[in-house]
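Letter by letter, the chains look like this.
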Amino acid sequence: MATVELRFSALPEHVRTARLVAAAVARRAGVDEAVLDEVRLAVGEACTRAVGLHQTGGISAPVKVLLIEEEKQFSIEVGDEAPHAVPGERGPGAGPGDPDGEADEDEMGLAVISGLVDDVEVSAGEHGGSIKMTWPTTPPTILA
Amino acid sequence: MDLSLSTETMGDRTIVRVGGEIDVYTAPKLREQLVELVNDGSFHLVVDMEGVDFLDSTGLGVLVGGLKRVRAHEGSLRLVCNQERILKIFRITGLTKVFPIHTSVEEAVAATD
């Protein structure tokens, strides 16, 4: 199983909790201090996207965050249960050109993640999707 | 950490000082504030982000929305930010080309271009 698993109701107020937990576990796993801000931001973006997908889809299931510590790397996988269209296709009305002029936040969130994290895998299927992000870790120094 | 907002008028500019975290939970409050200012006739806004600890794409979306609203009235929306961690988000999304970003409120208020 994952080192730490987190499930939370798809509500915006819990995204901050996910950020804090992810940053704490990443720090313990040996992710560089300078990169923790990026971890915090990226996991927040992924959770925000998942919360949005659950809310617009009327999905009551929780959003799932897996924090996985492995040798020399640390991964975070954020899973949603929203049925996704085939990647590259957009549902009707979901395209750019929001009449209120707000940016397409789903796309902007993904843009931020891919700008921040070198190792990202986005998968999507009929039963849900996930974003998996991986960072290298430095082995903990042995205290004398 | 929640979001704190306060406003101040300097000539024809309205300064919006933002503190705390702007994310999916708190961004609606900032959106309401910007919409209210524009509805009340404040079209030249300076958003001071020096007190912001965290900003995500939801916050960026609100700022872009604010910019579109003031531009509809030939207004302006300038940002004040010196924090590298916040500036980085504007850079990776290409929004440094969209927003004038200043190092101080005084500089933003004095800017006219």
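None of the values given here were measured: they were computed from a predicted structure.

Draft legend 1. Summary view of the sheet that holds strand 4 (residues 76-80) of chain B. Residues and elements named next belong to chain B. Spatially, the five strands line up as an open sheet ordered 1-2-3-4-5, and their pairing is mixed. Looking at which strands have only one partner, the edges of the open sheet turn out to be strand 1 (3-10) and strand 5 (101-102). The pairing of strand 4 with strand 5 spans two bridges and is classified as parallel. Residue pairing in the sheet places Val80 in a bridge with His102 of strand 5.

Draft legend 2. View of the interface of chain B and chain A. Opposite the 16 residues of chain B that make contact, chain A presents 21 residues. If you list the elements that add at least two residues to the side of chain B that touches chain A, you get helix 2 (57-71) and helix 3 (84-92) of chain B. At seven residues, helix 2 of chain B tops the list of elements feeding residues into the side of chain B that touches chain A. The residue inventory of the side of chain B that touches chain A, partitioned by class, reads six nonpolar, five polar and five charged.

Draft legend 3. Quick look at helix 2 (residues 33-57) of chain A. The end-to-end C-alpha separation of helix 2 of chain A is 37 Å, in line with the 36 Å expected for 25 residues at 1.5 Å each. Of the residues flanking the end of helix 2 of chain A, it is A:Gly58, one or two places downstream, whose phi is positive at about 60 degrees.

Draft legend 4. Inspection of the pairing of strand 4 of chain B at higher detail. All names here are of chain B. Taken across its five residues, strand 4 has five buried, putting it largely inside the fold. Side chains of strand 4 alternate between two faces, with Ser76, Arg78 and Val80 and Leu77 and Leu79 buried alike. Taken together, strand 3 (residues 44-55), helix 2 and strand 4 constitute a β-α-β crossover, and its handedness is right-handed.

Draft legend 5. Up close: the pairing of strand 4 (residues 119-125) of chain A. Residue and element names in this part refer to chain A. In this structure, strand 4 lies alongside strand 5 (residues 128-136), joined through seven bridges in antiparallel fashion. Within the sheet, the bridge partner assigned to Val122 lies in strand 5 and is Ile131. Taking the residues between adjacent antiparallel strands as the criterion, strand 4 and strand 5 are bridged by two residues.

Draft legend 6. The sheet that holds strand 3 (residues 73-80) of chain A, seen in detail. Residues and elements named next belong to chain A. Spatially, five strands are ordered 1-2-3-5-4 in an open sheet, and the strand pairing comes out antiparallel. The open sheet terminates on both sides in strands that have one partner only, identified here as strand 1 (4-8) and strand 4. Averaged over all pairs of adjacent strands, the angle between their axes in this sheet comes to 10 degrees, without regard to strand direction. Each of strand 1, strand 2 (63-70) and strand 3 is contacted by helix 1 (residues 15-29), which is oriented at about 175 degrees to strand 1, the strand it contacts most. Sheet strands touched by helix 2: strand 2, strand 3 and strand 5. Its angle to strand 3, the strand with the most contacts, is close to 15 degrees.

The rules we used
- Residues numbered from 1 in each chain as written.
- Chains lettered and ligands numbered in written order.
- Predicted model: local features only at pLDDT ≥ 70, side-chain atom pairs only at ≥ 80, totals over all residues.
- Pairing = 2+ DSSP bridges.
- Helix = DSSP H or I, 4+ residues; strand = E, 2+ residues; numbered from the N terminus.
- Contact = placed C-beta atoms within 7 Å.
- Nonpolar A, V, L, I, M, F, W, Y, C, P; charged D, E, K, R; others polar.
- Expected span 1.5 Å × (residues − 1).
- Buried ≥ 20, exposed ≤ 12 C-beta atoms within 10 Å, placed from the backbone.
- Right-handed = clockwise from strand over helix to strand, strands pointing away.
- Axes fitted to C-alpha atoms, helices over the stretch in contact; angles between N-to-C directions.

Note that every value here comes from positions in space, so none of it alone points to a role or purpose.
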